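# Structural overview
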Amino acid sequence: MIIDDWIYLSALLLSTSFGFFVRKVKNTQNRQLICTIIGFILLFILSGVHILHPLLLTIINATIVLYTSKRFCHVISFVFCFTYLMFLRTSEYFGIPSPPEIACTAIMIMVLKMVGLAYEVNIHALKAESSDENDKLKEVYSRINPSFFDIIQYSFCYAGILVGPYYKFRTYEDLFHKPYSSYVSHTSF
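What you see is a predicted model; the values in this text were computed from it and never measured.

### A few points about helix α7 (residues 148-156)
Turning to α7, its buried residues number three or more, namely I151, I152, Q153, Y154, S155 and F156. Against the buried residues of α7 lie α2 (28-47), α3 (52-67), α5 (101-130) and α8 (169-177).

This is the structure we're talking about:
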């Protein structure tokens with residue numbers, strides 16, 4: 001095993017162990033903030049100065065999701081994120097040093113999260129427009145309306161940042177805001 005594999009394995013084991021401690025934090029906003037800070041620190045340790053790539057990716061994608069038409073934000077996000085990923089994977093040809101492989105893995109997962117979020121926002125906005133006859137249904141479908149800070153927190157949440165699993169923004173919200181989330185067993189399958 002090369003040193004990068006040991007570092008990656010250590011980071012995975014470390015991030016898995018955080019779940020036990022994060023569950024003990026009762027305040028939802030504090031728990032979200034802790035998850036974001038842990039994810040950011042993990043990514044910074046693994047990528048160093050290349051932390052700028054995930055930051056740039058997340059900030060630009062958040063701007064796309066929030067300030068472009070909900071009808072087209074998913075397409076713009078898709079094009080931007082995958083173009084940026086291609087640029088990142090070929091950056092040495094432009095004279096920019098490539099990020100470490102571990103950082104590239106995390107960035108690929110973040111790309112999936114950002115594009116998935118844009119698709120969720122698009123789908124829910126279109127369903128909210130089409131459900132005029134039922135206000136309750138319209139309320140349910142318009143629930144996916146993240147703020148800039150929500151997008152940052154979703155992107156940098158330590159859960160799934162290194163290896164996955166990919167989870168939707170709705171699942172992320174449910175993790176912190178549903179009353180049953182603190183009662184789900186974390187020890188049995």
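Back to the write-up after that little detour.
### Some remarks on helix α1 (residues 3-22)
An ideal rise of 1.5 Å per residue puts 28 Å on 20 residues; α1 measures up with 29 Å between its terminal C-alpha atoms. Residues of α1 that are buried make contact with α2 and α5.

### Considerations on the pattern of salt bridges
Under the criterion given, the structure shown has one salt bridge. E101 is the partner of R89 in a salt bridge, and the nearest nitrogen-oxygen pair spans 3.5 Å. Of the two residues, R89 sits in helix α4 (residues 73-89) while E101 sits in helix α5, which places them twelve residues apart along the sequence. A relative accessible area of 39% places R89 in the partly exposed class. The class of E101 is partly exposed, set by a relative accessible area of 49%.

### Digging into the UniProt feature "transmembrane region" (unreviewed entry) in the protein chain
Per the UniProt record, "transmembrane region" (unreviewed entry) is annotated on residues 6-22, 34-60 and 72-90. As annotated, residues 34-60 has a helix share of 85% and a strand share of 0%, and its two end C-alpha atoms lie 23 Å apart. What you have in residues 72-90 is 89% helix and 0% strand, and the ends, taken at the C-alpha atoms, are 27 Å apart.

### What to know about the packing of aromatic side chains
On inspection of all chains with the given rule, the structure shows ten aromatic pairs. The interplanar angle of 45 degrees and the centroid separation of 4.8 Å between the aromatic rings of F78 and F82 together place this pair among those described as tilted. You can see F78 and its partner F82 sitting in helix α4, four residues apart, about one turn around the helix. Relative accessible area serves as the criterion here: at 40%, F78 is assigned to the partly exposed category. Relative to Y167, the ring of Y154 lies with its centre 5.9 Å away and its plane at 75 degrees, an arrangement referred to as edge-to-face. Here Y154, found in helix α7, pairs with Y167, found in the loop between α7 and α8; they are 13 residues apart in sequence, far enough to count as distant. Since its relative accessible area comes to 0%, Y154 is described here as buried. Every member of this aromatic cluster is reached through a ring pair, and the members are Y154, Y167, F169, Y172 and F176. Cation over ring: K113 sits above Y154, and NZ or CZ is 5.1 Å from the ring centre.

### Considerations on a nonpolar patch on the surface
The grouping of L33, I37, F40, I41, F44, I45 and F149 at the surface amounts to a nonpolar patch, some 650 Å² of accessible area in total. Here the element with the most residues in the nonpolar patch is α2; it accounts for six residues. With a relative accessible area of 47%, F149 lands in the partly exposed category.

### Observations concerning the environment of F18
Within the fold, F18 resides in helix α1. Residue F18 is classed as partly exposed on the basis of its relative accessible area of 21%. Counting along the chain gives 16 residues from F18 to I34, while the straight-line C-alpha distance between them is 9.9 Å. Other than its neighbours up to four places away in sequence, F18 contacts I38 and Y158.

### Side note on the side chain of Q153
Locating Q153 in the fold gives a position in helix α7. Taking the relative accessible area as the measure of exposure, Q153 reaches 4% and is therefore buried.

### Digging into the packing of α1 against α2
α2 packs onto α1 with a crossing angle of 170 degrees between their chain directions and a minimal axis gap of 11 Å. The angle between α1 and α2 places the two elements in the roughly antiparallel class. Here I7, A11, L14, S15, F18 and V22 of α1 lie close against α2, whose contacting residues are R31, I34, C35, I38, L42 and L46. Class assignment of the residues belonging to the contact of α1 with α2 gives a composition of ten nonpolar, one polar and one charged.

Cut-offs and rules
Residues numbered from 1 in each chain as written. Predicted model: local features only at pLDDT ≥ 70, side-chain atom pairs only at ≥ 80, totals over all residues. Heavy atoms only, no water. Buried < 20%, exposed > 50% of the residue type's maximum accessible area, 1.4 Å probe, protein only. Helix = DSSP H or I, 4+ residues; strand = E, 2+ residues; numbered from the N terminus. Contact = heavy atoms within 4.5 Å. Expected span 1.5 Å × (residues − 1). Salt bridge = Lys/Arg side-chain N within 4 Å of Asp/Glu carboxyl O. UniProt positions renumbered as here; feature names shortened; annotations may be inferred. Phe/Tyr/Trp six-rings, centres within 6.5 Å; stacked < 30°, edge-to-face > 60°. Lys NZ or Arg CZ within 6 Å of the ring centre and 35° of its normal. Patch = residues over 30% accessible without salt bridge, like charges linked within 9 Å, V, L, I, M, F, W, Y side chains within 5 Å. Areas by Shrake-Rupley, 256 points an atom, 1.4 Å probe, with all protein chains shown as cover. Axes fitted to C-alpha atoms, helices over the stretch in contact; angles between N-to-C directions. Parallel < 35°, antiparallel > 145°, perpendicular 65-115°, else oblique. Nonpolar A, V, L, I, M, F, W, Y, C, P; charged D, E, K, R; others polar.

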